[in-house]
Each structure stands twice: as C-alpha cells, then as structure tokens.
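Summary of the model geometry
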Amino acid sequence: MSDTSGRNRTNLLLASALVLFSGLLFRGALDIPPPFFDPLGSAAVPKLVAGVLLVLALVLGASAVFDVRAEEPAGPMPAAIEADEKAAPASPVTAAAAVLITAAYVGSMHARLLDFAAASTLFVLALGMLLARGRMRALLVLVPLALLLGYGFEWLFTRVLFIDLPQRSILLEGLSGG
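Overview of the structure. Everything numeric in this text was worked out from a predicted model, so none of it was measured.

Quick notes on the rules
Residues numbered from 1 in each chain as written. Predicted model: local features only at pLDDT ≥ 70, side-chain atom pairs only at ≥ 80, totals over all residues. Heavy atoms only, no water. Helix = DSSP H or I, 4+ residues; strand = E, 2+ residues; numbered from the N terminus. Buried < 20%, exposed > 50% of the residue type's maximum accessible area, 1.4 Å probe, protein only. Contact = heavy atoms within 4.5 Å. Areas by Shrake-Rupley, 256 points an atom, 1.4 Å probe, with all protein chains shown as cover. Expected span 1.5 Å × (residues − 1). Core = buried A, V, L, I, M, F, W, Y, C linked by side-chain atoms within 4.5 Å. Patch = residues over 30% accessible without salt bridge, like charges linked within 9 Å, V, L, I, M, F, W, Y side chains within 5 Å. Salt bridge = Lys/Arg side-chain N within 4 Å of Asp/Glu carboxyl O. Axes fitted to C-alpha atoms, helices over the stretch in contact; angles between N-to-C directions. Parallel < 35°, antiparallel > 145°, perpendicular 65-115°, else oblique. Left-handed = near helix turned anticlockwise from the far one by under 90°. Nonpolar A, V, L, I, M, F, W, Y, C, P; charged D, E, K, R; others polar. Phe/Tyr/Trp six-rings, centres within 6.5 Å; stacked < 30°, edge-to-face > 60°.

Remarks on the overall build of the protein
Helix and strand counts for the protein come out as seven helices and zero strands. When the helices and strands of the protein are placed in sequence order, the string is α-α-α-α-α-α-α. The 178 residues of the protein split such that 23% are buried. In the protein, the share of contacts with a sequence separation of at least 24, taken over all contacts with a separation of at least 6, comes to 64%. Entry remark: accessible area of the protein is about 12700 Å², with carbon and sulfur atoms responsible for 73%.

The following block contains the structure:
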C-alpha cells in the first residue's frame with residue numbers, strides 16, 4: 001500500500017467520523033429548548049459548529065476520493081519565505097507558551113483584573129506576537145486587528161447577541177478612580 005492511498009483511507013475514515021459527529025451534534029442541538037430572550041437561542045452555536053464540521057468533512061472526503069494533492073511550488077522558494085521557515089520552527093515551547101497565554105487571558109477576566117475587551121485585545125496581541133515569532137513588523141497588522149477583535153467582539157456579544165461578559169475590571173476601575 002502506498003503512502004498516498006493510506007493517507008486517503010485515513011482521511012476518508014476521519015471524514016466519515018466527522019460526518020457522524022456533526023450529525024449527532026446537530027441532533028443534540030435540536031433538543032435544546034427555545035430561547036426566552038436571546039434572539040438566536042442556545043442551539044445556534046452547536047448547529048453552526050455541526051454545519052461547519054459537516055462542510056469540512058465533505059471537503060476532506062472529496063479530496064481523499066479524488067486524490068487531490070497539493071502541488072509543490074514551481075521554481076525555487078523565495079528567499080524571504082525560506083529564511084523565515086528556517087528561523088524558528090514550531091516547538092513544544094511555543095505550544096506551551098500559547099497555552100499559558102490562553103490561561104492568563106481567562107484568568108485575568110476571572111480574577112476581574114481586566115474586562116473582556118481589554119483582555120481580548122491583549123490576548124490577540126500576545127498570541128499574535130508569539131506566533132509571529134516576535135517580528136515587530138507584525139505589530140502593524142496585530143494592533144488594529146487586536147483592537148477590532150477585542151472591542152468589536154465585545155460590542156457584538158453584548159449589543160447584538162445579549163451575552164453577559166466580564167465588564168468590570170479592578171485595574172481599570174483603579175485607574176479611573178471609580
């Protein structure tokens with residue numbers, strides 16, 4: 001058995017499991033009672049996740065059936081990409097740092113040190129800089145993205161979806177004198 005056919009068989013098995021799981025997830029979401037105040041209801045997210053999983057499973061299954069493989073790029077790799085890939089490979093230290101950043105994000109809101117918007121903004125910045133391997137040029141994209149995601153998601157969650165988020169911050173209250 002060739003490496004490609006083994007990979008295709010594994011991908012088909014994974015796609016089949018994902019289709020089954022998404023069906024079970026969607027079926028379970030149908031049992032969630034209808035909402036009282038929330039316009040979308042509690043079942044919206046599990047149904048959406050089930051739909052996304054189903055689409056990804058179908059794409060994975062189709063690529064395995066039709067044996068779609070990524071082609072190697074024609075010609076030499078640009079020097080900037082080649083140097084970047086050799087600079088710092090992914091490591092368990094990077095993964096552990098990402099977990100610690102995520103724990104600090106959740107912990108800062110739980111301890112009421114930061115509200116959702118500020119914590120989310122700092123989380124995107126910290127994780128982005130970790131994954132960008134500390135390249136300062138990444139800040140040009142990360143700062144506006146972090147602000148948009150942190151404060152934009154707070155607006156979306158509180159004003160559109162009516163989700164109660166951590167809004168009080170000991171640190172920010174101390175700075176404002178309130």
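Moving on, there is more to tell.
Quick look at helix 5 (residues 116-131)
When the terminal C-alpha atoms of helix 5 are compared, their 22 Å separation across 16 residues agrees well with the 22 Å that a helix rising 1.5 Å per residue should span. Once helix 5 ends, the next one or two residues include R133, with phi positive near 60°.

Brief notes about the nonpolar core
Listed in full, the twelve residues of the largest apolar core are A98, I101, Y105, M109, L114, F116, A118, A119, F123, V124, L127 and A146. Residue assignment for this core shows that the elements contributing at least two residues are helix 4 (92-110) and helix 5. With six residues, the top contributor of residues to this core is helix 5.

Digging into a nonpolar patch on the surface
Residues F153, W155, L156 and V160 make up a contiguous nonpolar surface patch of about 350 Å² in total accessible area. Take W155: it is sitting in helix 6 (residues 139-160).

Some details on the packing of helix 5 against helix 6
Interhelical geometry of helix 5 versus helix 6 gives an angle of 150° and a closest axis separation of 8 Å. For the element pair helix 5 / helix 6, the angle class is roughly antiparallel. Every pair of crossing elements has a handedness; the one defined by helix 5 and helix 6 is right-handed. On the side of helix 5, the interface is formed by F116, A117, A118, S120, T121, V124, L125, G128 and M129, while helix 6 contributes L139, L142, V143, A146, L147, L149, G150, Y151, F153, E154 and F157. For the contact of helix 5 with helix 6, the class distribution of residues is 15 nonpolar, four polar and one charged.

Details of the packing of aromatic side chains
By the definition in use, this model includes one aromatic pair. Centre to centre, the rings of Y105 and F123 are 4.4 Å apart; their planes meet at 20°, and the pair counts as stacked. Of this pair, Y105 sits in helix 4 while F123 sits in helix 5; the two residues are 18 residues apart in sequence, bridging distant segments of the chain. Of the residues examined, Y105 reaches a relative accessible area of 16% and is grouped as buried.

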